[in-house]
Amino acid sequence: MYAQWPQVARECVAVLRMEADRTPDDPALAALVVELNARDAEFRTRCAGHGS
């Protein structure tokens, strides 16, 4: 769907991490991060590697 998927994925994870760090008390965002970590190995890898 995206010609530059690796770059798009890195950027999306980076933005999500930035928002999660900026608003640590947001329960909806925290729940989204937990769900993505549980369901998506690629997200887990990118998130753990800070976008690597």
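Below or above, wherever it landed, is the structure these notes cover.

Rules behind the numbers
- Residues numbered from 1 in each chain as written.
- Predicted model: local features only at pLDDT ≥ 70, side-chain atom pairs only at ≥ 80, totals over all residues.
- Heavy atoms only, no water.
- Axes fitted to C-alpha atoms, helices over the stretch in contact; angles between N-to-C directions.
- Helix = DSSP H or I, 4+ residues; strand = E, 2+ residues; numbered from the N terminus.
- Contact = heavy atoms within 4.5 Å.
- Buried < 20%, exposed > 50% of the residue type's maximum accessible area, 1.4 Å probe, protein only.
- Polar contact = N/O pair within 3.5 Å; in protein donor to acceptor, adjacent residues only side chain to side chain.
- Core = buried A, V, L, I, M, F, W, Y, C linked by side-chain atoms within 4.5 Å.
- Arc of directions from axis to C-beta.

1. Side note on the packing of helix H2 (residues 27–39) against helix H3 (residues 41–48)
As a packed pair, H2 and H3 sit with axes 5 Å apart at the nearest point and diverge in direction by 115°. Here Val33, Leu36, Asn37, Ala38 and Arg39 of H2 lie close against H3, whose contacting residues are Ala41, Phe43 and Arg44.

2. Considerations on the environment of threonine 23
With respect to the helices and strands, threonine 23 occurs in the loop between helix H1 (5–22) and H2. By relative accessible area, threonine 23 is classed as partly exposed at 24%. Reaching out from threonine 23, the side chain makes a polar contact with the backbone oxygen of glutamate 19 at a distance of 2.7 Å.

3. As for the nonpolar core
Val13, Leu16, Leu29, Val33, Phe43 and Cys47 together form the largest nonpolar core, which totals six residues. Elements supplying a minimum of two residues to this core: H1, H2 and H3. Sequence-distant contacts of leucine 16, defined by excluding residues within four places in its chain, comprise Leu29, Leu32, Val33, Leu36 and Phe43.

4. Quick notes on the environment of alanine 38
With respect to the helices, strands and loops of the structure, alanine 38 is situated in helix H2. Distance in space between the C-alpha atoms of alanine 38 and valine 15 is 19 Å, their sequence separation being 23 residues.

5. Quick word on H3
Taken together, the buried positions of H3 are occupied by Phe43, Arg46 and Cys47. The buried residues of H3 occupy one face: seen down the axis, they fall within an arc of 100°. In this structure, H3 carries Thr45 and Ala48 as exposed residues pointing more than 90 degrees from its buried face. Considering only its buried residues, H3 is in contact with H1 and H2.

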